Each structure stands twice: as structure tokens, then as C-alpha cells.
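Examination of the molecular architecture
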Amino acid sequence: MKHYLPTLILLLLAMPLPAQKLLPRQLKYVDADSIVIWESGKSDLRGLALKIAPELVPQPVSAKDMPRKELRRRLREWTEEIAPALNLAGGSGDETTQPQAEAAERTVKAAAPLLLATGDSRFADALERAAVNALPAEIKADGRLTFEKRLAARTLLDITGMIYATDRDEVYVNYYLNSSTHIRTKQLDVVIDQLTAMPHSGRVKLRISGLHKNGTPLKLRLRIPAWARGNIFPEENYTTGNQWPLPTVYVNGREEFFSMERGYLTIARKWNSGDEVYFDLPFSLQKVRKTDTRSASSIALMRGPLLYSLTKDIPGYLLTKESKITEQEEPDRYGQTLLDITLHRAGDSEMQEIHAEARPYQTERATVWLPEAK
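Quick look at the structure, then.

Here is what the cut-offs are and how they apply
Residues numbered from 1 in each chain as written. Predicted model: local features only at pLDDT ≥ 70, side-chain atom pairs only at ≥ 80, totals over all residues. Heavy atoms only, no water. Helix = DSSP H or I, 4+ residues; strand = E, 2+ residues; numbered from the N terminus. Rg over C-alpha atoms; globule rule 2.2 N^0.38 Å. Buried < 20%, exposed > 50% of the residue type's maximum accessible area, 1.4 Å probe, protein only. Contact = heavy atoms within 4.5 Å. Lys, Arg positive; Asp, Glu negative; His and termini not counted. Charge placed at Lys NZ, Arg CZ, Asp CG, Glu CD. Pairing = 2+ DSSP bridges. Axes fitted to C-alpha atoms, helices over the stretch in contact; angles between N-to-C directions. Core = buried A, V, L, I, M, F, W, Y, C linked by side-chain atoms within 4.5 Å.

**Thoughts on the overall build of the chain**
Per the secondary structure count, the chain includes six helices and 22 strands. The C-alpha radius of gyration of the chain comes to 21 Å, within 12% of the 21 Å expected for a compact globule of 374 residues. Here the C-alpha coordinates of the chain stretch approximately 70 × 55 × 45 Å along the principal axes. A burial count over the chain gives 51% of its 374 residues as buried. Long-range contacts, defined here as pairs at least 24 residues apart, represent 69% of the contacts in the chain between residues at least 6 apart. Here the chain contributes 51 positively and 48 negatively charged side chains, and the mean placements of these two sets differ by 6 Å.

See below:
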């Protein structure tokens, strides 16, 4: 079967995800109180939120009490209004000039219950984009504690209760973050430890433990983000020109067979305590363009889920065929990879060159869309 995997993977990548449909039985998020985020630093969403508003408590999200008619209405609203307006920071409108906290909150409030109702990874993609771009950018902005900062902190804290979801004998890993959780259902009692450098690099490792007996059946669903396949959601708005294969997944050091369902890489097998899963998500730099041909030619830079921004505006300069974008070898003190970009002055016959630095949007909000020479 493994001989056919490369062909099957390419066929899967060529096929767009089908329209979101409601699951027969809705998922349930693992309560934030059952999740320990054990890294203090660059990836600690909970710590970042509580640092500026320590009195906040994560609010649980559920779709259980929503009638299917209401869920279908919300799906239509998502498809017709929210998704088309989604920007690269996870909010809406211009990423640099317009406030993003309220727009990102709207994204999260809309996507969170629909992820439970559909099990579709695109909703988790939207949650992740807001969590690593718009929300921390608002929290880290200089100045006093404003309504927008507090809103961003509350929303980011709520996302920490959306890392995992369950459906009886299934576990959905929606978001990759150093964490441990104890998941209990009528059919399942399992501990999952997650070790990763996300969102700054793509290695993910999970350890299964706490099982009462060996050979416990469990479907483990691992979200493969759209950006890890060379796509930026919504695909109608953005393009990268890339197409990447699905990652190879190893269980206890051996390549494991999997299926793809609604954007989740699914491993269905019997598990023993101590089993380990690991894989690498591609972290190549992506040049993102808008598909709207009426827009001026420009690109944005993304690395994994992280949107990048210049550290200062440089008017009159643009990207040309001679421009180079390189990743700096040493990360900054926050563990972030910085970019060095060469730009050239528009219309300059001697191609005057200037170097610019770009940082993740969450710590810098200057120019996001770089003008590109035609």
C-alpha cells in the first residue's frame, strides 16, 4: 500500500475540501481546566493573556444546544460574510491600518462552534491565524490596558480551551502547542502530552499514556493546516503557487498509514501507553498574493501560520526579480525567525538597493503587503 501513497497524496492535494457539512454528532472541546500549557515564553498563549488581565477565566464553547437550523444559518453567514473578509492576520480589513482585535474576536466566535459542528479543519485554521497574529499583536502593542487589549486577551484565553476536541473514541488535535491534557469520555481515558516549537517551527511530537489497558482503540485526528499544503484559507482570496505533500507520520519510529478526513490526518489503531507520534509540518517561507486581479500587484510573507511585517515603512521601494528574502540564522530573543529582504527603488535605472528586516506580525505592525514590480 505504501507504494501508492505518493500518488494518493497528490490526488488528495489536488482536490479542494468539500463544502462544510454538519456532523451527525457534534464534537466537544476538552475543557481549558484540563489542559496544562507548560511552556512559559514565546508560545504561551494563556500566559500572554493573563499577564495583562490576570482575572480572566476561559469561557467554554459548545454547539450542543444550537438547533441544526441555527447552525446552518451560521454556516451560511460564515461562507457569505466572514470567510470572504478574513485577512492574513485573522481579522478583517487592512492588517496594518485598521484595528484587528474586534475583527479577530468575531472570527473566533464564529469559527469555534462551527468547528465542533462540522469537524472541518478550515475553522481551526481561522482560529490559529487569529491566535498567532492579530490577538497577540494587540496584546503586545505599547500603551495602557485598553478595551481592545482586554478583548484580545479574553479571546486568546478562550482559544486555549479549543486545542483538543473529542467524540467518544476520537481525539481531535486542533492546535499545536506545548501542553498536556487528560481526556475522559465514556469510551476513553487517555493522557496526551504534546511537544512542539509551533508556531515557530513545524516539528510536532505527541505521547499517548494513561490508558488502562494495552490495545485501546482510538482515532487520533491531527489537523494539517491549509498553509502546510501550500494553501491560504480562504483559497478564493489568496494564492501561493505552492503545492506540498502531506507529512510523513511516524508512530514509535515507524511510518504509519493514515487517511485524510476534512483536513485532519487520521490514525485509527489500537494504542498502548507510551506510544509516540511525530511529524514535521513544512515551514518554508511563502509568498502570498491576492487573487483579486484588480488589486495592485503586491505580496505578503508567511512562514507557517505567522504573518510577517517590515519593522518600518520604506515608501518608494518594491520587490523585483533581483530581490532576495532570506531567513536570519539566529532567532531573536523571543525565539522568532527574522527575515532579511532586499528592496529596490521604483523606476531607478541603477537599481538602488536597500535592506529591510521583517518580523512576525505579532511583534511588529508596519508594512504587510509589499509592492511588487510587474
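**Brief notes about unusual backbone geometry**
The step from Met198 to Pro199 runs through a cis peptide bond, and the omega angle for that step is 5°. The residue Pro199 is located in the loop between strand S6 (189-196) and strand S7 (203-209) in this model. The omega torsion of the bond from Phe233 to Pro234 falls at -5°, within 30 degrees of zero and hence cis. You will see that Arg168, though not glycine, has its phi angle at about 60°, which is positive. With respect to the helices and strands, Arg168 occurs in the loop between strand S3 (164-166) and strand S4 (170-173). The phi angle at Arg262 is positive, at roughly 55°, despite the residue not being glycine. With respect to the helices and strands, Arg262 occurs in the loop between strand S12 (259-261) and strand S13 (264-271).

**Digging into the sheet that holds S12**
Here we have six strands laid out as an open sheet, ordered S1-S3-S4-S8-S13-S12, and mixed in their pairing. The open sheet terminates on both sides in strands that have one partner only, identified here as strand S1 (28-29) and S12. Here S4 runs beside strand S8 (residues 216-223); their pairing, made up of four bridges, is parallel. Paired with Glu170 across the two strands is Lys219, which belongs to S8. Here helix H5 (residues 121-140) sits on the sheet and contacts S1, S8 and S13; the angle it forms with S8, its principal contact strand, is near 55°.

**Details of the nonpolar core**
Ranked by size, the top nonpolar core spans 108 residues in total, and within it Trp78, Leu222 and Val277 carry the most contacts. In terms of residues, this core owes the most to one element, H5, which gives eleven residues. Residue contacts for Val277: discarding those within four places in its chain leaves Val204, Lys205, Leu206, Leu220, Leu222, Val249, Tyr250, Val251, Ile267 and Trp271.

Honestly, it's all geometry; don't read function into it.
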